[in-house]
Amino acid sequence: MTRIDDYPEAAKSAVTVRGLVKHYGRTKALDGVDLDVREGTVMGVLGPNGAGKTTLVRILSTLITPDAGQAVVAGHDVVRQPRQLRRVIGLTGQYASVDEKLPGWENLYMIGRLLDLPRKAARARADEMLERFSLTEAARRPAGTYSGGMRRRLDLAASMVGRPAVLFLDEPTTGLDPRTRNEVWDEVARMVGDGVTVLLTTQYMEEAEQLASELTVVDRGKVIAGGRIEDLKATVGGRTLRIRPADPLHLRPLAAALDELGVTGLATTTVDAESGSVLVPVLSDEQLTAVIGAVTARGITLAAVTTELPSLDEVFLSLTGHRASAPQDAVPADTREEVAV
Ligand SMILES: Nc1ncnc2c1ncn2[C@@H]1O[C@H](COP(=O)(O)OP(=O)(O)OP(=O)(O)O)[C@@H](O)[C@H]1O
Ligand SMILES: [Mg+2]
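Model, not experiment: these values are computed from the prediction. (Residues numbered from 1 in each chain as written. Chains lettered and ligands numbered in written order. Predicted model: local features only at pLDDT ≥ 70, side-chain atom pairs only at ≥ 80, totals over all residues. Heavy atoms only, no water.)

This part is about a positive patch on the surface. A contiguous patch of positive charge on the surface is contributed by Arg113, Arg119, Lys120 and Arg123. A per-element tally of the positive patch places helix α4 (residues 119–132) first, with three residues. Tracing the backbone shows Arg123 in helix α4. (Patch = residues over 30% accessible without salt bridge, like charges linked within 9 Å, V, L, I, M, F, W, Y side chains within 5 Å. Areas by Shrake-Rupley, 256 points an atom, 1.4 Å probe, with all protein chains shown as cover. Salt bridge = Lys/Arg side-chain N within 4 Å of Asp/Glu carboxyl O. Lys, Arg positive; Asp, Glu negative; His and termini not counted. Charge placed at Lys NZ, Arg CZ, Asp CG, Glu CD. Helix = DSSP H or I, 4+ residues; strand = E, 2+ residues; numbered from the N terminus.)

Our focus in this paragraph is the side chain of Glu171. Looking at the element boundaries, Glu171 is found in the loop between β7 (166–170) and α6 (178–193). Within the local environment of Glu171, its side chain forms a polar contact with the side chain of Gln203, the two groups lying 3.3 Å apart. Beyond its immediate sequence surroundings of up to four residues, Glu171 is in contact with Lys53, Gln94, Arg152, Thr201, Thr202 and Gln203. (Polar contact = N/O pair within 3.5 Å; in protein donor to acceptor, adjacent residues only side chain to side chain. Contact = heavy atoms within 4.5 Å.)

Generally speaking, soluble globular proteins have nonpolar side chains that are buried together. Ranked by internal contacts, the top residues of the largest apolar core, which has 44 residues, are Leu108, Phe133, Leu154 and Val198. Of the residues forming this core, the biggest block, six residues, is contributed by helix α5 (residues 148–160). With sequence-adjacent residues up to four places away left out, Leu154 is seen in contact with Val98, Gly104, Asn107, Leu108, Leu130, Leu135, Ala143 and Tyr146. Ala14, Val17, Met43 and Val78 belong to the second largest nonpolar core, which has 25 residues in total. (Core = buried A, V, L, I, M, F, W, Y, C linked by side-chain atoms within 4.5 Å. Buried < 20%, exposed > 50% of the residue type's maximum accessible area, 1.4 Å probe, protein only.)

All right, on to the packing of aromatic side chains then. Under the definition given, this model contains one aromatic pair. Seen from their ring centres, Trp105 and Tyr109 are 5.1 Å apart, and the 10° between their planes marks the pair as stacked. Highlighted residues: Trp105 and Tyr109, both in helix α3 (residues 104–114), separated by four residues, approximately one helical turn. Accessibility assignment for this pair places Trp105 and Tyr109 in one class, buried. The residue whose ring lies beneath Arg181 is Tyr204, and the NZ or CZ to ring-centre distance is 4.0 Å. (Phe/Tyr/Trp six-rings, centres within 6.5 Å; stacked < 30°, edge-to-face > 60°. Lys NZ or Arg CZ within 6 Å of the ring centre and 35° of its normal.)

Next up on the list: the packing of α3 against α4. Angle between the axes and distance between the axes are the two parameters that describe a pair of packed helices. It is at 8 Å that the axes of α3 and α4 come closest, and there the two elements cross at 135°. Our classification of the angle between α3 and α4 gives oblique. The interaxial crossing formed by α3 with α4 has right-handed handedness. Listed contacts from α4 to Gly104, Trp105, Leu108, Tyr109, Gly112 and Arg113 of α3 are Arg119, Ala122, Arg123, Ala126, Asp127, Met129 and Leu130. Residues belonging to the contact of α3 with α4 are distributed by class as follows: seven nonpolar, two polar and four charged. (Axes fitted to C-alpha atoms, helices over the stretch in contact; angles between N-to-C directions. Parallel < 35°, antiparallel > 145°, perpendicular 65-115°, else oblique. Left-handed = near helix turned anticlockwise from the far one by under 90°. Nonpolar A, V, L, I, M, F, W, Y, C, P; charged D, E, K, R; others polar.)

As a further point, take the environment of Arg18. Checked against the element boundaries, Arg18 lands in strand β1 (residues 13–24). By relative accessible area, which is 38% here, Arg18 ends up partly exposed. In the structure, Arg18 is positioned 18 residues away from Asp36 in sequence and 8.7 Å away in space, judged by C-alpha atoms. Sequence-distant contacts of Arg18, defined by excluding residues within four places in its chain, comprise Val33, Asp34, Leu35, Asp36, Gly69 and Gln70.

Within the chain, residue pLDDT values average 84, and 88% of them lie at 70 or more. Across residues 1–10, confidence stays below pLDDT 50; counting only partners more than four residues off in sequence or on other chains, it has 22 contacts. The low-confidence segment residues 326–341, where pLDDT is below 50, has 15 contacts with residues more than four positions distant or belonging to other chains. (pLDDT = per-residue confidence, 0-100.)

The antiparallel open sheet is built from four strands, whose spatial order is β2-β1-β4-β5. This sheet does not close on itself; its edge strands, each paired only once, are β2 (27–38) and β5 (76–77). Sheet analysis places strand β4 (residues 68–73) next to β5, joined by two bridges and oriented antiparallel. In the strand pairing of β5, Val73 is matched with His76. On the sheet, helix α1 (residues 53–60) packs against β1, β2 and β4 and is oriented at approximately 120° with respect to β1. (Pairing = 2+ DSSP bridges.)

What follows covers the pattern of salt bridges. Applying the stated rule across the entire model yields 18 salt bridges. Note that Asp116 and Arg87 form a salt bridge whose closest N and O atoms lie 3.0 Å from each other. Here Asp116, found in the loop between α3 and α4, pairs with Arg87, found in the loop between α2 (82–86) and β6 (89–92); they are 29 residues apart in sequence, far enough to count as distant. In this structure, Asp116 and Arg87 share a single accessibility class: exposed. Note that Asp231 and Arg228 form a salt bridge whose closest N and O atoms lie 3.5 Å from each other. Note on Asp231: relative accessible area 40%, which makes it partly exposed.

Structure (structure tokens):
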């Protein structure tokens, strides 16, 4: 997968957002958002329900206009050049947007025609996209009969018909089972391999980690953190030392010994009985050395010692004080659907 490291510093910005504001009545859906997505990279916009992710995607894809601020996508201003902008983007919305009554092939053909492709070219493109997203066998069936994963793949195919330079994916895998989620991830990775710039929103840490090189964390309409995933994890601080004694009987004595150790600032240990290891959060190299020293001094033979960076869940909790899945506020019934997660 393409990583930001593969790109020179001078890589152009495919999406530039400055001070974006959007109100819905008294709700500030976006409260001054800034972000940059470099060409050919994947930006993950991570945030809980109601954070403003869909609002951002709607503005960037010209479906709604901002109250203040600026946004430029592939060189086109969202407010002043919406028509040009629409020609170079693809959008897969949070909720499936295909026509259920129409067969998969017809859906794609129709989109090709709407994009002004001549009949022959639209036909060829529909065939090509169905093949690419492994839907050829279901081409003639109404999309309403497709499984959730097939629908999502058809959605992705639809957003690719126009060969977009920039693709917006709003929670591309919410509600999908793990296997289908993996299929969608593979497809997105392939698109990125083809040079498409992607901005995707997600509530899944794992998804951001899988697909994105950079991350913008939003909460209640504001960007609360951003940068490379590795850096974000590192700034939240703390590694977890996972220590597995060779003899499982040493597990609890080892945890007790570490708790009694009295290393300044060392957080309490957790026993992970399933993996037979003790988890110790460490902040400094000194603490790490002290812990290893104490274990060795007790003559406990170790099978494995590994250090782990915090998960994105932990990153989010530490940045916002609440878990990423916690709903933020009530949402108008007419604009929402319940999504099984
Ligand atoms: N059409 C609308 N009318 C009124 N309020 C809205 C509308 N659309 C969004 N909002 C509000 O704006 C805020 C941001 O909503 P948005 O849909 O952008 O969040 P989100 O991050 O996409 O959430 P989710 O993860 O649930 O999709 C929420 O408080 C929401 O209630
Ligand atoms: Mg949303």
